[in-house]
Amino acid sequence: MLKRVHFPTSYLPYLLVAPQIIITLVFFIWPASQAMYQSLLIEDAFGLSTEFVWFENFQVLFEDPKYLESFIRTMWFSGAVALLSMGMAIILAGFADRVIRGAMVYRTLLIWPYAVAPVLAGALWVFMFNPTLGIISYFLEGFGIDWNHYLNKSQAMGLVIMAAAWKQVAYNFLFYLAAMQSIPKSVIEAAAIDGAGPLKRFWTIVFPLISPTTFFLIVINAVYAFFDTFGIIHAVTQGGPAGSTNILVYKVYNDGFVGLDLGGSAAQSVILMILVIAMTVVQFRFVERKVEY
Amino acid sequence: MANIKLDNLLKSYGDTEVLHGVNGDINDGEFVVIVGPSGCGKSTLLRMIAGLETVTSGEVSIGGKMVNNLEPADRDIAMVFQNYALYPHMSVYDNMAYGLKIRGIAKSEIKRRVNEAAEILEIGDYLKRKPRALSGGQRQRVAMGRAIVREPSVFLFDEPLSNLDAKLRVQMRLEIRKLQKRLGVTSIFVTHDQVEAMTLGDRLMVLNGGYVEQFGTPIELYENPQTVFVAGFIGSPAMNFIPATARDDGTVELQNGDVVPGVATTGTVTLGVRPEHLVPHDKGMFQIKVLMREQLGANTLIHGVLKGTDTEMVVSLAGTHDISEGAEMRFSAAKKLLHFFDATTGKRLS
C-alpha cells in the first residue's frame, strides 16, 4: 500500500524555493561560470583584444614557482589559523563550561569579535602592532623585541595569523561550548569519581566526545582561512613584505586587479573554487557521517 | 569496607535550604535505602556523600574520617547513575577499566578484575562492544561492573533502576541485592519507589521535604510508622487515614459518631489503618459504603467511603470476593493494628 500523502500539483513549492534558487544563480552560478570562461581567455589590460587559449592560463600557473610558493604559504597559514583559533576556543569553552554565575555575560563578551568585519579586525591589529605608534610594539620593545611587520616577513605572517585566528575564535567557541554542554554531566561526574582530575577528564572524556565538532571546525576554519581572510590581509600587510603574506585568495585579487592579468586571476579563482568544493565534499561525505562514538 | 556517619547535614542553594540537618549512622556492610517523593532532597544527600555537591554545614564521615573537603575520587566510593553515565566512546572493557587505569593499577590486575566482574554480571560476551550497542539492562550491568571493579568501600546508587522496564527492574533489583550481600560493601541506594526500598534495604531512611521522617528497618517502618507521612508512604495500597476526636475514656470518635478504641489523649487525631488489616466483621467499627471493587486475583481491593462521611477508604481482602457496588459492609481491625497520629504535627501518639 502506498502510504504517502498526495497533494494536488501546485506552483507553491516552486515559488517557495525560487528566492533561494535565484540567489544561487545570480550570485554564484553566473559569476562562477563567468570566471571559468574567463580562465580560458587571455585579455589585454584594457579589454580591447581577447584570445581563447584553452588551458594555457592553468599551464602557466602550474609552472610558476611563485604560485606554488603561495600555495604552500596558504596551507601553512590556514593550518596555523585553524590550530590557533580552535586551540584558543577550546580552552575558553572549557572554562566557560565550568562558569555558572555570569555565564551569559562571559559568553556574550566572547562572541563579540565575530561581529567585527574582517577589515576592521585587521585595522585593530595594525594599530596595536604599528611599529611606531602601536601599544603592543611599544611593550615588545621593552622586552628587546624589535617589531616591524612592514619589514620582517615572519612577523608579518605572525600578525595576519593572529588577526585571522582572533576573529574566528568566537565562532569556534560557540560550537565547542555547545558540544561540551551536550555531554551529560553525569558522565563527567562518573569520571571524577573514577579518579580523573580536570585535565585527565578533558583529554580522555571531553575531547574524544567533541571530536565530531573538531572535524567540522577544521573544515570550516580551513575554508575561512582560504577565503575570508582577504580583508585582514588587505588591511594589515597587503600581501607583503615581499609577498610573504601573499596567500592564494590575495594573489587572485593582486594578479587580477593590480596586475590586470584577468585570465590568470580567473584561473586561480577556479582552482580555489575546486578546492573549496573538495573540502565541502570531504565535510559532508566523511566528517558529518563519522559521528563516531 | 566502611561505616558512614551523617552529622547534622545541611544543604542550601543561596537562601533556599533543601536539607535541614540530616543525621544517620550507616553500619559497615549495611544496605541503606534513602526513599522519598521527588524533590525531597534524596539525590542531593547522596551527591553530598559522593562529593559531587558541597556540604553547607554538618559533617559526612566515611570510615571514621571526615570527608567534607575530599574530592569524590579520594572518598573511596563508586557510584551508579540513573542514566548509567557510561563513557560513550569507550568499549565496555575500557569503561570498566578506566578508573583502574587512572589509579595506575597493573594491566594484568585490571584484566583479572574486569573479567571477574564481567563474569559475575554475565556481560563477558559484550566486553568489546560500545555502550550504544547494548540494551538498557546490559548498560545497567556495565555501570555496576564499573563500580565493582574499583573495589570501593562504599557503593552509591542514584535511582539506577528507574530507566528500566517493570520486569527488568524487578530482576535487577534482586541481582543488586544478591550482589551486595555477596560483596558485603556498605551501600546507599536512592529511590522514590517504596517497593524497591522495602525489598532492597536493610534499613530505610524516609526523607520528606528535606527532613528525615524515620530511619529504620522495613518492618519497623511498616509496623510502627512514626509520622503520618511514613505511614502513607510505606505500604501499597496506602494506609487509610480517618479524622477522629479523642474522648476522655481512651477511645476516639469518628466523624459519623462511631467509637473506636484509641489512645489516651485529647483533641483531634488521625486514625490510620492499613487496607490489608481490615477484616469483615458483623460488629466491626468501620462501616464502609462500597463504591468500586478491583479484582486482582490474589486479592480484592474494595474502594469506598466511611459511612456518613466523605473519608475515602480502601480495603484489601485476600482471595476473590463477590461484593456488589453500593453495598454497606462492616470491618474491624485488631487494636494493635490501629495507628494514631497527632492531627496537627502528624507525629505518632504512642
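Presented here is a report on the structure given in the accompanying data block. Because the structure is a prediction, the values reported are computed rather than measured. (Residues numbered from 1 in each chain as written. Chains lettered and ligands numbered in written order. Predicted model: local features only at pLDDT ≥ 70, side-chain atom pairs only at ≥ 80, totals over all residues. Heavy atoms only, no water.)

Digging into the nonpolar core
Among the nonpolar cores identified, the biggest contains 61 residues, and Leu 6, Leu 45 and Leu 156 of chain B are the most heavily contacted of them. Setting aside chain neighbours within four positions, we find Leu 45 of chain B in contact with Leu 6, Leu 9, Leu 19, Val 22, Ile 34, Met 205 and Leu 207 of chain B. (Core = buried A, V, L, I, M, F, W, Y, C linked by side-chain atoms within 4.5 Å. Buried < 20%, exposed > 50% of the residue type's maximum accessible area, 1.4 Å probe, protein only. Contact = heavy atoms within 4.5 Å.)

With respect to the sheet that holds strand E19 (residues 328-332) of chain B
All names here are of chain B. If you walk across this open sheet you meet the 5 strands as E15-E19-E16-E17-E18, and the pairing is antiparallel. The open sheet has two edge strands with one neighbour each: strand E15 (279-280) and strand E18 (312-318). By the bridge criterion, 4 bridges tie strand E16 (residues 286-295) to E19 in an arrangement that is antiparallel. When the bridges of E19 are listed, Ile 288 appears paired with Met 329. (Pairing = 2+ DSSP bridges. Helix = DSSP H or I, 4+ residues; strand = E, 2+ residues; numbered from the N terminus.)

Comments concerning the sheet that holds strand E5 (residues 65-66) of chain B
Residues and elements named next belong to chain B. The 4 strands are arranged E2-E1-E4-E5 in an open sheet whose pairing can be described as antiparallel. The two strands at the open ends of the sheet, each matched to only one other strand, are strand E2 (16-26) and E5. Relative to strand E4 (residues 57-62), strand E1 (residues 4-13) is paired through 5 bridges, and the arrangement is antiparallel. Looking at E4, one finds that Leu 10 is bridged to Ser 57. Packing against the sheet, helix H1 (residues 42-50) makes contact with E1, E2 and E4, and its axis sits at approximately 115° to E1. (Axes fitted to C-alpha atoms, helices over the stretch in contact; angles between N-to-C directions.)

A look at the interface of chain B and chain A
Each partner contributes to the interface: chain B provides 24 residues, whereas chain A provides 20 residues. Roughly 1700 Å² is buried in total at the junction of chain B and chain A, and carbon and sulfur atoms are behind 62% of that figure. Considering only the surface of chain B that becomes buried against chain A, Tyr 87, His 89 and Tyr 98 of chain B emerge as the three largest contributors, covering 29% of it. There are 2 salt bridges connecting chain B and chain A. Between Arg 150 of chain B and Asp 194 of chain A there is a salt bridge; the shortest N-O distance is 3.0 Å. Applying the counting criterion to the chain B and chain A interface returns 10 residue pairs in polar contact (both at pLDDT 80 or more). (Buried area = accessible area lost by both parts, 1.4 Å probe. Salt bridge = Lys/Arg side-chain N within 4 Å of Asp/Glu carboxyl O. Polar contact = N/O pair within 3.5 Å; in protein donor to acceptor, adjacent residues only side chain to side chain.)

A few points about empty space enclosed by the protein
Inspection of every chain in the model, using the stated rule, returns 2 cavities of 30 Å³ or more. Approximately 60 Å³ is the volume found for the largest cavity. Around the largest cavity, the lining residues are Ala 190, Ile 193 and Asp 194 of chain A together with Ala 78, Met 79, Phe 81, Ala 143, Arg 146, Ala 147 and Arg 150 of chain B. Among the secondary structure elements, those contributing two or more residues to the lining of the largest cavity are helix H8 (185-193) of chain A together with strand E6 (77-80) and helix H4 (136-149) of chain B. Residues that form the lining of the largest cavity fall into these classes: 7 nonpolar, no polar and 3 charged. Computed from the structure, the second largest cavity encloses a volume of approximately 50 Å³. Around the second largest cavity, the lining residues are Met 144, Ala 147, Ile 148, Phe 155, Phe 157, Ile 176, Leu 179, Gln 180 and Leu 183 of chain B. Sorting the residues of the lining of the second largest cavity by element identifies H4, strand E7 (154-158) and helix H5 (166-183) of chain B as the ones contributing at least two each. Of all the elements, H5 of chain B adds the most residues to the lining of the second largest cavity, at 4 residues. Taken together, the residues of the lining of the second largest cavity sort by class into 8 nonpolar, 1 polar and no charged. (1 Å grid on protein atoms, 1.4 Å probe; cavity = no way out; pocket = protein on both sides within 12 Å on 5 of 7 lines; lining within 4 Å. Points joined across faces, edges and corners; volume = space filled by probe spheres on them. Nonpolar A, V, L, I, M, F, W, Y, C, P; charged D, E, K, R; others polar.)

With respect to unusual backbone geometry
All names here are of chain B. Cis geometry is found at the peptide bond from Ser 236 to Pro 237, where omega equals -5°. Checked against the element boundaries, Pro 237 lands in the loop between helix H8 (228-233) and strand E11 (240-246). The phi angle at Ala 85 is positive, at roughly 55°, despite the residue not being glycine. You can see Ala 85 is positioned in the loop between E6 and helix H2 (92-102). Of note, the phi angle at Glu 122 is positive, near 55°, even though the residue is not glycine. Mapped onto the elements, Glu 122 comes out in the loop between helix H3 (107-121) and H4.

Quick look at helix H4 (residues 103-111) of chain A
Residues and elements named next belong to chain A. Listing the buried residues of H4 in full gives Ala 103, Arg 107 and Leu 110. Seen end-on, H4 carries its buried residues on one side only, within an arc spanning 65°. Turned more than 90 degrees off the buried face of H4, the exposed positions are Met 104 and Val 105. Where H4 is buried, its residues meet helix H3 (65-98) and helix H7 (153-181). (Arc of directions from axis to C-beta.)

Notes on H2 of chain B
Among all positions in H2 of chain B, only Val 92, Asn 95, Met 96, Ala 97, Tyr 98, Gly 99 and Leu 100 of chain B are buried. With its phi angle positive at about 70°, Gly 104 of chain B sits one or two positions after the end of H2 of chain B.

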